[in-house]
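A structural walkthrough
Listed below are the residues making up each chain.
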2 protein chains.
Amino acid sequence: MTAVETVPREELEKLQLARLRETVGHALKTPFYSRRLGGIGISRPEDIESLEDLKKIPYTSKDDLRSAFPYGMLSIPLDDVVRLHASSGTTGTPTVIYHNQHDLDAWTALSARSILCTGAQRRDVFQNMMTYGLFTGGLGLHYGAEAAGLLVIPASSGNTKRQFKLMKDFGTTVVHATPSYMLHLASRMEAEGIRLEDLALKKALVGAEPHSEDIRRKIEELFSIDVYNSYGLSEMNGPGVAFECVFKQGMHVWEDNYIMEIIDRESLDQVEDGEYGELVLTTLCRQATPLLRYRTRDITAVYPDKCPCGRTHRRIQRFTGRTDDMLIINGVNVFPSQIEEVIMAMPEIGTNYQIVVQKMGALDKLIVKTEVGKNIFTDDTRDLKALSSRIAENLKVSISINPTVELHEPGFLPVAEGKAVRVLDQRPRM
Amino acid sequence: MTAVETVPREELEKLQLARLRETVGHALKTPFYSRRLGGIGISRPEDIESLEDLKKIPYTSKDDLRSAFPYGMLSIPLDDVVRLHASSGTTGTPTVIYHNQHDLDAWTALSARSILCTGAQRRDVFQNMMTYGLFTGGLGLHYGAEAAGLLVIPASSGNTKRQFKLMKDFGTTVVHATPSYMLHLASRMEAEGIRLEDLALKKALVGAEPHSEDIRRKIEELFSIDVYNSYGLSEMNGPGVAFECVFKQGMHVWEDNYIMEIIDRESLDQVEDGEYGELVLTTLCRQATPLLRYRTRDITAVYPDKCPCGRTHRRIQRFTGRTDDMLIINGVNVFPSQIEEVIMAMPEIGTNYQIVVQKMGALDKLIVKTEVGKNIFTDDTRDLKALSSRIAENLKVSISINPTVELHEPGFLPVAEGKAVRVLDQRPRM
């Protein structure tokens, strides 16, 4: 564990203030922030006198990032940039984050710290099943795992057969994947002739998709391993923003690199510790593209108590979803994760599901499709009917909406090799 | 240019000897080489007294690498390994190369040197279109380009529409791709609404596939850029073994990192400078997986004269093909590259082609499929017939075989997003 992970809060806050000043210094060199900070009387780093002063600065949104494209948020000469990650769309204005060598080194250190925080060690064999390329999930932890001295197998995503072969050939002990890909791997084991005893797997680091505690437990049971939750977003580098330690009770936000705030999405005021709100982050160790009070659109809450691991960096709850993901169905706010939670708590139901929203006249219709074990498809359809009623009732309790539940045989629903597409909103756009 | 690139040959050879001794020292720690070197009386690094002593050591083959799987050629504790690259097959024994941090740093330095050697500079925007992951083409030059200070866009392969968008959005000046993907990009430009003026492209670094000088010229003309040839193979790290300088007359083999020999494939004796033979390489800067006299199966020749760039590292000819690629058609040795050369020299013919070999009774039949411009497909088929005869004649002259030539409309043949599959040998295996 690095010393900064257990530093007393008071010292941590001193470090944050010093780094916030540096960051404001970098931000003032960008067209976007020099204008925005100038408007509120901040023109020098020293104008930030305390961490409280951060609250004077307006939030930065994804739209701000887009409007500043391509160079409005770049604080250094383009010659000094050594990497960029851009959103992958083929149309529209992308968002882009630039890095100089310092930024990459800082990101690598955070990724390494995150991996080691789960108890992984130099001698572990780390198979990275996240996509390598512009998506930050692959390269992000790749650099960190190498720096932490693990043996990295840069498998990238997809090709399940090869993933299993690599795991067997090289005795993979730690994998990095999306939770849905882990479930997919589990569903393919039998068909690929893989038994748990063939694998040396001990840990999975999962991220890039919100998922429930039940999904974690399901993956842990299916592989007899420990599963650790990872959080990051490309605007904040990528993976390595927050990570679970061996206690698996929330993710430590690396507060020497990020100032965290949780705000009410309506009033935009800070919420109390323990209350849910939108996570807002300020970069503290980034020179090329500093971001001040960036609205992540991710909903979480701070754990009010201390973690037994001894780290002083505060923990956040797993994400119930992004504000982007939120569905409004007949006026009711529904997060897909709420539906997942209900489904995954029912042992009769498999690992794959899909949420479809359609327009039926003036009303919205929610259809939840799941797979169930083959043995339940008998001539007597009473069991099936009883099961779908039970699922519908449980969902009604959780989300206050009565869905149509469709049960399917295993293998019916599409499987994702990368990030799963769980939600199909088929309502016409207004 | 780093000092070692222009060091006098005498000093270079001293350096090679010192590093060869170190390498033999590492090799002696592996089960495979301790046995093999022991058999010829080499048990200590000092047993290598001169570069000539290298010739006492037997060649290492790809089969040796396979037979030593998984750890027979590993010279360091597994804990010290930070990366592996393995052949990607899902069946059979893979080949695997392990790297410690030292090895990765040396590879990165070679990749950086290779990129700078083409005249690329810190201020260049480098879009890496090679696949990221276990394939060494992507990560290899990625690390080098970052170290050289270029702005790296880790685009990875595929998604032509997005590649063009990135090129436009960020003013890409240098790309890294297979030659066939460059031709594919050119063929898609019009359909994607891209004009040359929209791009800031200056250079393409191409590798991973043997290709002819005519293909280079074609790509250079299509994009109005300079194209540089890159050579590497995963057993020798990956890209960065040999690279063209701005004079584009053969690829400098980085002889401070590799000892190069060219041998006759029958007698296994060294050939004279300028004569074609199989390239044999010995690693000089690799600790985890040293390889001594590795038979690359690639056919080339050394340029006998000095390069005007001032580098003292010798240059090799572009590859006419691998010994693996060689087709034996009715007893005649044919390299696909010979066919490509003929096709690409004929302006009526497009950028895509395919070579099919079939069994017709006892005889082999060679079919060459190419695409031609749309305007040639008129009601009058005489032009088509005349063109296919001309192609067949030219091929006959070059390869001593009379092929069947098929002409197709543009878009008929499959396009490769990665490494092109140009040859379909459909004869039954014996």
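Small disclaimer: the values here were computed from a predicted structure and weren't measured.

Parameters at a glance
Residues numbered from 1 in each chain as written. Chains lettered and ligands numbered in written order. Predicted model: local features only at pLDDT ≥ 70, side-chain atom pairs only at ≥ 80, totals over all residues. Heavy atoms only, no water. Helix = DSSP H or I, 4+ residues; strand = E, 2+ residues; numbered from the N terminus. Buried < 20%, exposed > 50% of the residue type's maximum accessible area, 1.4 Å probe, protein only. Areas by Shrake-Rupley, 256 points an atom, 1.4 Å probe, with all protein chains shown as cover. Axes fitted to C-alpha atoms, helices over the stretch in contact; angles between N-to-C directions. Parallel < 35°, antiparallel > 145°, perpendicular 65-115°, else oblique. Left-handed = near helix turned anticlockwise from the far one by under 90°. Contact = heavy atoms within 4.5 Å. Nonpolar A, V, L, I, M, F, W, Y, C, P; charged D, E, K, R; others polar. Domains from an automatic or database assignment. Salt bridge = Lys/Arg side-chain N within 4 Å of Asp/Glu carboxyl O. Polar contact = N/O pair within 3.5 Å; in protein donor to acceptor, adjacent residues only side chain to side chain. Least-squares fit on C-alpha atoms with pLDDT ≥ 70 in both. Pairing = 2+ DSSP bridges. Core = buried A, V, L, I, M, F, W, Y, C linked by side-chain atoms within 4.5 Å. Phe/Tyr/Trp six-rings, centres within 6.5 Å; stacked < 30°, edge-to-face > 60°. Buried area = accessible area lost by both parts, 1.4 Å probe. Right-handed = clockwise from strand over helix to strand, strands pointing away.

**Observations regarding the overall build of chain A**
- Looking only at helices and strands, chain A features 10 helices and 19 strands.
- Along the three orthogonal principal directions, the C-alpha set of chain A runs to about 75 × 55 × 45 Å.
- For chain A, buried positions account for 58% of its 430 residues.
- As displayed, chain A has an accessible area near 17,400 Å², and 50% of this comes from carbon and sulfur atoms.

**Let's talk about the packing of helix α9 (residues 336-344) of chain B against helix α10 (residues 382-399) of chain B**
All names here are of chain B.
- It is at 10 Å that the axes of α9 and α10 come closest, and there the two elements cross at 140°. Put simply, α9 runs oblique to α10. Crossing of α9 over α10 shows right-handed handedness. For the pair α9 and α10, contact is made by Gln 338, Ile 339 and Val 342 and by Asn 394, Leu 395, Ser 398 and Ile 399, respectively.
- In terms of residue class, the contact of α9 with α10 is made up of 4 nonpolar, 3 polar and no charged.

**A few points about the domain arrangement of chain A**
Residue and element names in this part refer to chain A.
- One can read the domain layout of chain A as domain 1 (1-322) and domain 2 (327-425).
- Taken together, the 22 residues of domain 1 in the interface contact 16 residues of domain 2.
- Where domain 1 packs against domain 2, one counts 0 salt bridges.
- Counting every contact that joins domain 1 to domain 2 gives 2 residue pairs in polar contact (both at pLDDT 80 or more).
- Contributions of two or more residues to the side of domain 1 that touches domain 2 are made by α7 (179-188) and α8 (213-223).
- Taken together, the residues that form the side of domain 1 that touches domain 2 break down as 7 nonpolar, 11 polar and 4 charged.

**Describing helix α6 (residues 160-170) of chain A**
- Within α6(A), 9 of the 11 residues are buried, which leaves it mostly tucked inside the rest of the structure.
- For α6(A), the elements touching its buried residues are β3 (125-128), β4 (151-153), β5 (174-177) and α7 of chain A together with β1 (83-86) and β2 (96-99) of chain B.
- Phi for Gly171(A), located one or two positions after α6(A), is positive at around 60°.

**Digging into the relation of the copies chain A and chain B**
- You can overlay chain A on chain B at an RMSD of 0.1 Å; the transform is a turn of 180° with a shift of 0.1 Å along its axis. Taken together, the rotation and translation describe the operation of a two-fold axis. For chain A, the minimum C-alpha distance to the rotation axis belongs to Tyr132(A) and amounts to 2.8 Å.

**Some details on the sheet that holds strand β12 (residues 294-300) of chain A**
Residue and element names in this part refer to chain A.
- The 3 strands are arranged β10-β11-β12 in an open sheet whose pairing can be described as antiparallel. Since the sheet does not close on itself, it has two edges, and those belong to β10 (258-263) and β12, each with one partner. Neighbour-to-neighbour, the strand axes of the sheet open up by a mean angle of 30°, direction not taken into account.
- Bridging between strand β11 (residues 277-283) and β12 involves 4 bridges; their strand directions are antiparallel. Each residue of the ladder has a partner; that of Leu 281, found in β12, is Tyr 294.

**Looking at the side chain of Asp53(B)**
All names here are of chain B.
- When you line up the elements, Asp 53 lands in the loop between α2 (31-38) and α3 (62-67).
- Of the polar contacts made by the side chain of Asp 53, one reaches the backbone nitrogen of Glu 49; its length is 2.6 Å.
- The residues contacting Asp 53, other than those within four sequence positions of it, are Asp 47 and Ile 48.

**Digging into the nonpolar core**
- Tyr231(A), Ile316(A), Tyr231(B) and Ile316(B) are the most contacted members of the largest nonpolar core, which has 122 residues in total.
- Here Ile316(A) is in contact with Tyr231(A), Ala242(A), Gly250(A), Met251(A), Val253(A), Met260(A), Leu279(A), Thr300(A), Ala301(A), Val302(A) and Tyr303(A), once residues within four sequence places are set aside.

**With respect to the packing of aromatic side chains**
All names here are of chain B.
- Inspection of every chain in the model, using the stated rule, returns 9 aromatic pairs over all chains.
- Ring centres of Phe 32 and Tyr 33 lie 4.9 Å apart, and the angle between their planes is 85°; this geometry places the pair in the edge-to-face category. Tyr 33 shares its class with Phe 32; the two are buried.
- Ring centres of Tyr 71 and Tyr 98 lie 6.0 Å apart, and the angle between their planes is 35°; this geometry places the pair in the tilted category.

**Describing the interface of chain A and chain B**
- Contacts between the two partners involve 45 residues from chain A and, on the opposite side, 45 residues from chain B.
- Overall, the association of chain A and chain B removes approximately 3,600 Å² of surface from exposure, summing both partners, and the carbon and sulfur fraction of that is 61%.
- For the pair chain A and chain B, the interface holds 4 salt bridges.
- Between chain A and chain B we count 16 residue pairs in polar contact (both at pLDDT 80 or more) in total.
- For the side of chain A that touches chain B, the secondary-structure elements that each account for two or more residues are β1 (83-86), β2 (96-99), α4 (101-117), α5 (136-147), β4 and α6 of chain A.
- Per element, the largest residue contribution to the side of chain A that touches chain B is 6 residues, and it comes from α6(A).
- When the residues that make up the side of chain A that touches chain B are grouped by side-chain class, the tally is 23 nonpolar, 12 polar and 10 charged.

**A few points about the pairing of β2(A)**
All names here are of chain A.
- Side chains Val 96 and Tyr 98 project from β2 onto one buried face, and the interleaved Ile 97 and His 99 project onto a second face that is buried too.
- Where β1 and β2 come together, 4 bridges link them in antiparallel fashion. Counted as the bridge partner of Leu 84 is Tyr 98 from β2.

**With respect to the pairing of strand β6 (residues 203-206) of chain A**
Residues and elements named next belong to chain A.
- Going residue by residue along β6, you find Lys 203 and Leu 205 tucked away on one face and Ala 204 and Val 206 tucked away on the opposite face as well.
- Looking at chain direction, β5 and β6 are connected through 4 bridges and run parallel. By the bridge assignment, Val 174 is partnered in β6 with Lys 203.
- A crossover connection joins β5 to the parallel β6 through α7; in handedness this β-α-β unit is right-handed.
- The pairing of β6 with strand β7 (residues 226-232) spans 4 bridges and is parallel.

**Looking at the pattern of salt bridges**
Residues and elements named next belong to chain A.
- Counted according to the given criterion, the structure contains 69 salt bridges over all chains.
- Taking the shortest distance from any N to any O, the salt bridge between Asp 214 and Arg 217 comes out at 3.2 Å. Of this pair, Asp 214 and Arg 217 are both found in helix α8, 3 residues apart, which corresponds to roughly one turn of the helix.
- Bridged by salt links that share partners, the residues Glu 5, Arg 19, Arg 113, Asp 256 and Arg 311 form one connected network.

**Details of α7(A)**
Residue and element names in this part refer to chain A.
- Summarising burial for α7: 8 of the 10 residues are buried, a large majority.
- Along α7, the residues that are buried comprise Pro 179, Ser 180, Tyr 181, Met 182, Leu 183, His 184, Leu 185 and Ala 186.
- Elements in contact with the buried residues of α7: α6, β5, β6, α8 and β16 (349-360).

**Structural notes on the sheet that holds strand β16 (residues 349-360) of chain B**
Residue and element names in this part refer to chain B.
- Pairing is mixed in the open sheet, where 4 strands are placed in the order β18-β17-β16-β19. In this open sheet, the two edge strands, each paired with only one partner strand, are β18 (404-408) and β19 (423-425). Across this sheet, the average inter-strand angle for adjacent strands is 15°, counted without regard to direction.
- Taken together, the 9 bridges between β16 and strand β17 (residues 363-372) define a ladder with antiparallel strand orientation. Paired with Gln 354 across the two strands is Lys 369, which belongs to β17.

**Thoughts on the packing of α5(A) against helix α5 (residues 136-147) of chain B**
- Interhelical geometry of α5(A) versus α5(B) gives an angle of 80° and a closest axis separation of 14 Å. Accordingly, the angle class assigned to the pair α5(A) and α5(B) is roughly perpendicular. Within the contact between the two elements, α5(A) uses Leu139(A), His142(A), Tyr143(A) and Glu146(A) and α5(B) uses Leu139(B), His142(B), Tyr143(B) and Glu146(B).
- Here the contact of α5(A) with α5(B) is built from residues that sort into 4 nonpolar, 2 polar and 2 charged.

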